[in-house]
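Chain by chain, the residues run as shown.
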Amino acid sequence: MPFYPDERIGLFIDGANLFSTTKALDFDIDFKRLLDEFRKRGKLIRANYYTALLEQEDYNPLRPLVDWLDYNGFSVITKPAKEYTDDHGRRRIKGDMDIELAVDMLQAATYLDHIILFSGDGDFRYALAAARAKGVRVSVVSSLKTSPSMISDDLRREADAFIELDDLRAMIGRAPASS
């Protein structure tokens, strides 16, 4: 699907889902390069990054990334993650940001021409359908090259276009650290 130079673009990034996908593909995203890439494709109006954070931890490995994103052109939407013990006595963390992302995406559909969702989560299918019903084009960025695939088939079918994350590696990947 082509991008048009005058179209107003919004990025909606499911942080946990994107992290899992890039980990499975074995590369890290350079978020400055990601912004630069999508600025080339149209008028980048919004770049939202969604993640849940464990607030009570002394050190949270996500905090430096979240702070950097917040100071460098992203709107970072967070909420406290909830910690619990499952039926097998294992420590689990729950921090679902789906509702926040879906609501923001639908609100943005009133002023964007093209929404790019970085997630493979099938729960977003209905939000994509609602955005498309408002006349917004929707692209989904995830991966079919992982095993198993990181994108829900239903989500892929609902989008106007699917962008394979691995195909963006050369444009948005972080250069490997030199030894």
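Our structure's up above, just so we're on the same page.
Residues numbered from 1 in each chain as written. Predicted model: local features only at pLDDT ≥ 70, side-chain atom pairs only at ≥ 80, totals over all residues. Heavy atoms only, no water.

S.K.: Explain helix α5 (residues 125-133) to me, and be specific about the residues and the numbers.
M.R.: Working note: α-helix, 3.6 residues per turn, so residues spaced by three or four point in the same direction. Of the positions making up α5, those classed as buried are Ala 127, Leu 128 and Ala 131. The arc that holds the buried residues of α5, viewed along the axis, is 100 degrees, so those residues lie on one side. Facing away from the buried side of α5 by over 90 degrees, the exposed positions are Tyr 126 and Ala 133. On the buried face of α5, the contacting elements are α4 (98-108), β6 (114-118), β7 (137-142) and α6 (153-158). (Buried < 20%, exposed > 50% of the residue type's maximum accessible area, 1.4 Å probe, protein only. Helix = DSSP H or I, 4+ residues; strand = E, 2+ residues; numbered from the N terminus. Arc of directions from axis to C-beta. Contact = heavy atoms within 4.5 Å.)

S.K.: Which residues make up the pattern of salt bridges, and what values go with them?
M.R.: Evaluation of the coordinates by the stated rule reveals 16 salt bridges. A salt bridge links Asp 160 to Arg 132; its shortest N-O distance comes to 3.0 Å. With Asp 160 in the loop between α6 and β8 (161-164) and Arg 132 in helix α5, this residue pair connects regions lying 28 residues apart in the sequence. Notably, a salt bridge pairs Arg 169 with Asp 166, separated by 2.5 Å at the nearest N-O pair. We classify Arg 169 as partly exposed; its relative accessible area is 31%. (Salt bridge = Lys/Arg side-chain N within 4 Å of Asp/Glu carboxyl O.)

S.K.: Let's hear about the packing of aromatic side chains: which residues, and what values?
M.R.: Under the counting rule described, the total for this entry stands at four aromatic pairs. Judged by centre distance (6.1 Å) and plane angle (65 degrees), the ring pair of Phe 3 and Phe 38 falls under edge-to-face. Here Phe 3, found in the segment before β1 (8-14), pairs with Phe 38, found in helix α2 (residues 31-41); they are 35 residues apart in sequence, far enough to count as distant. In terms of burial, Phe 3 and Phe 38 fall into one category: buried. Ring plane angle 80 degrees and centroid distance 5.9 Å describe the contact between Phe 38 and Phe 118, whose orientation is recorded as edge-to-face. Of this pair, Phe 38 sits in helix α2 while Phe 118 sits in strand β6, and the two are 80 residues apart along the sequence. The exposure classification of Phe 38 matches that of Phe 118, with both residues buried. Three or more aromatic residues joined by ring pairs make a cluster, and in this case those are Phe 3, Phe 38 and Phe 118. When the ring centre of Phe 38 is taken as reference, the NZ or CZ atom of Arg 41 above it lies at 5.0 Å. (Phe/Tyr/Trp six-rings, centres within 6.5 Å; stacked < 30°, edge-to-face > 60°. Lys NZ or Arg CZ within 6 Å of the ring centre and 35° of its normal.)

S.K.: Quick rundown of the sheet that holds β8? Include the residues and the values.
M.R.: Spatially, the six strands line up as an open sheet ordered β3-β2-β1-β6-β7-β8, and their pairing is parallel. Strands at the two margins of the open sheet, each flanked by one partner only, are β3 (75-80) and β8. When the angles between neighbouring strand axes are averaged without regard to direction, this sheet yields 20 degrees. Pairing geometry for strand β2 (residues 43-53) and β3, over six bridges, is parallel. From the neighbouring strand, Thr 51 faces β3, where its bridge partner is Thr 78. The sheet contacts of α4 involve β1, β2, β3 and β6, and relative to β1 the element is tilted by about 175 degrees. (Pairing = 2+ DSSP bridges. Axes fitted to C-alpha atoms, helices over the stretch in contact; angles between N-to-C directions.)

S.K.: Kindly report on the nonpolar core, identifying the contributing residues and their values.
M.R.: The biggest cluster of nonpolar side chains holds 26 residues, and the ones touching the most others in it are Leu 11, Leu 34, Phe 74, Phe 118 and Leu 165. The element that contributes the greatest number of residues to this core is α2, accounting for four residues. Once you skip the residues sitting within four places of it in the chain, Phe 118 turns out to touch Leu 11, Phe 12, Ile 13, Asp 14, Leu 18, Leu 34, Phe 38 and Val 141. (Core = buried A, V, L, I, M, F, W, Y, C linked by side-chain atoms within 4.5 Å.)

S.K.: Tell me about the side chain of Ser 143, and please be specific about residues and values.
M.R.: Relative to the assigned elements, Ser 143 resides in the loop between β7 and α6. Under the relative-accessibility criterion, Ser 143 is labelled buried at 0%. Side-chain polar atoms of Ser 143 contact the side chain of Glu 164, separated by 2.6 Å. Apart from residues lying up to four places away in sequence, Ser 143 is in contact with Thr 21, Leu 25, Ser 149, Met 150, Ile 151, Phe 162 and Glu 164. (Polar contact = N/O pair within 3.5 Å; in protein donor to acceptor, adjacent residues only side chain to side chain.)

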